[in-house]
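Next come the chains, spelled out residue by residue.
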Amino acid sequence: MSRTFTLSRTHRRVSNEIPLSYPDIDDTDVRGVIETLRSGRLSLGPRLEEFERLVAKRSERTHGVGVSSGTAGLHLALLALGIGPDDEVITPAFSFIASANCIHYVGATPVFVDCDPRSLNMTLREIERKITDKTKAIIGVEVFGNPAHMLELSQLANRYEIPLIEDACEGLGGRLGRDPIGKFGRVAIFGFYPNKQITTGEGGMIVTDDDNLANQCRSLRNQGRAVENQSDVDNPEAELGTWFSHTCIGYNYRLSELHASLGITQMNRLDELIEQRQRVAETYTRRLSGNPDIIVPTIEPDVFMSWFVYVIRLSDRFTEDDRNTIIEGLRRHEVGAAAYFPPIPLLPAYREKFNHKPGDFPVAESVAERTIALPMFTRLTDREIDLVCQTLELMMQRQTFTRSAVGEG
Ligand SMILES: Cc1ncc(COP(=O)(O)O)c(C=O)c1O
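What comes next is a walk through the structure. (Residues numbered from 1 in each chain as written. Predicted model: local features only at pLDDT ≥ 70, side-chain atom pairs only at ≥ 80, totals over all residues. Heavy atoms only, no water.)

## Considering the site of the ligand
As a reminder, the rule being used: Note on definitions. A residue lies near a molecule or strand when any single heavy atom of the residue is within 4 Å of it. Polar contact criterion, stated in full: a pair of N or O atoms within 3.5 Å, where within protein one must be able to donate a hydrogen and the other to accept it, and residues adjacent in sequence count only if both atoms are side-chain atoms. The Shrake-Rupley method, run with a 1.4 Å probe sphere, supplies the accessible areas, and residue values consider only the shown protein chains as cover. In the cavity and pocket records, a cavity denotes points on a 1 Å grid over the protein atoms alone where a 1.4 Å probe fits but cannot get out, a pocket denotes an open set with protein on both sides within 12 Å along at least 5 of 7 lines, and lining residues are residues with an atom within 4 Å of a point. To be counted as sitting in a cavity or pocket, a molecule needs more than half of its atoms within 2 Å of that site's grid points. Counting from the N terminus, the helices are DSSP H or I runs at least four residues long and the strands are E runs at least two residues long.
Lining the immediate environment of the ligand, one finds 14 residues, of which Gly70, Thr71, Asp167, Glu170 and Lys196 sit closest. Within the side chain of Thr71, an N or O atom sits 2.4 Å from an oxygen atom of the ligand. Here an oxygen atom of the ligand sits 2.6 Å away from a polar atom, N or O, in the side chain of Glu170. Relative to its unbound accessible surface of 390 Å², the ligand loses 91% to contact with the protein. At a threshold of 2 Å from the grid points, most atoms of the ligand map onto the largest pocket. At three residues, the largest contribution of residues to the shell around the ligand is made by helix H3 (residues 70–80).

## Here's the deal with the sheet that holds strand E12 (residues 310–314)
Rules: Only strands joined by at least two bridges in the DSSP assignment are considered to pair. We call two residues in contact whenever any of their non-hydrogen atoms come within 4.5 Å of each other. Note on geometry: axes are C-alpha line fits, over the in-contact stretch for helices, and angles between N-to-C directions span 0 to 180 degrees.
Spatially, E10-E12-E13 is the arrangement adopted by the three strands of the open sheet, whose pairing is antiparallel. Looking at strand neighbours, the two that pair on one side only are strand E10 (294–295) and strand E13 (371–374), the edges of this open sheet. Across two bridges, the pairing between E10 and E12 is antiparallel. The residue bridging Ile295 from the neighbouring strand is Arg313, located in E12. Sheet strands touched by helix H9 (residues 270–288): E10, E12 and E13. Its angle to E12, the strand with the most contacts, is close to 20 degrees. Packed on one face of the sheet, helix H10 (residues 320–332) meets E12 and E13 and runs near 20 degrees to E13.

Laid out in structure tokens, this is it:
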């Protein structure tokens, strides 16, 4: 007997808590995944191909290669570029740890670069200072989705003939002038974790115009099978005996048809999702920019932001401890908040291994001490944004008051 599924329209949050992020899943997403489940084809099928086409088109690239995460995509890009032990790769001090871990995976050495205090992206001068004969790639991240200086960065990489790997995991849909994010590097990587502009639950995508690099990534994500042998073992179109023909040692970094199905329906709504995130960001900026103790994100006129997170910075009057107490206060009041990002070279995972010490990355360190990421997702209402802002300002006042009371006592 066949059963009819009743889909609830909303897929909404149930508690009063305002989380830091929340995925926007609608009925088209749910229906798509159910249809995929019923199709009998769950890996390496038409959904993956369609999702790859959509993301490649959006970033004006020839190829899209779907992978199981943004981190997996970065790993494969480095492998496909032939980077390995004895090589150095330049990467931001101020980013998510995956921008550095991928370098470690291939046995190369991450060389960290400090950030610009406005855009929070790496400064070009610092990059140039750190280029050596061993530099084999630069990982350029659009921090929090901001593509500022990406054109100059790709020109610099070209001048030194060093491949630029664009870690675009935070920026899908953004633009610098007419150029979409994902178009700046020799290869670019997107990530689709649930806090991103679109989500596949887990997932990532490599995009490039380089046929050879795309083919290598396709092979490496699928256990080193040659590109001609990418279809599933059960696929009737597959040639007999090709499924167990491995031409190199690869990985299982495949993106399933279920994930790809979600990717397609989310991509079809990308502009709508970006618009809603933009509404949230603009409302925060209007509400908070008058406060002298709050620095709102700086967006250059040629940048179109596809908002990933909304990160404010507290003024120098606040210490790192103050900031942490304010975040704890927000969370106690059921408002999601987080300190985005601690500088990577000073994290326990990197600090001792590379002998980094406080003061090595002064801008990233000073920025990181005072950042607060506020809730950012499409369905955040104006009333909720106001509540977040009120709670933030209350926690800030409380902290200033407690500190001066303790100081005076
Ligand atoms: C800049 C950056 N790079 C890489 C990644 C890794 O992506 P994933 O979590 O999909 O592995 C992220 C994820 O948040 C990111 O923000």
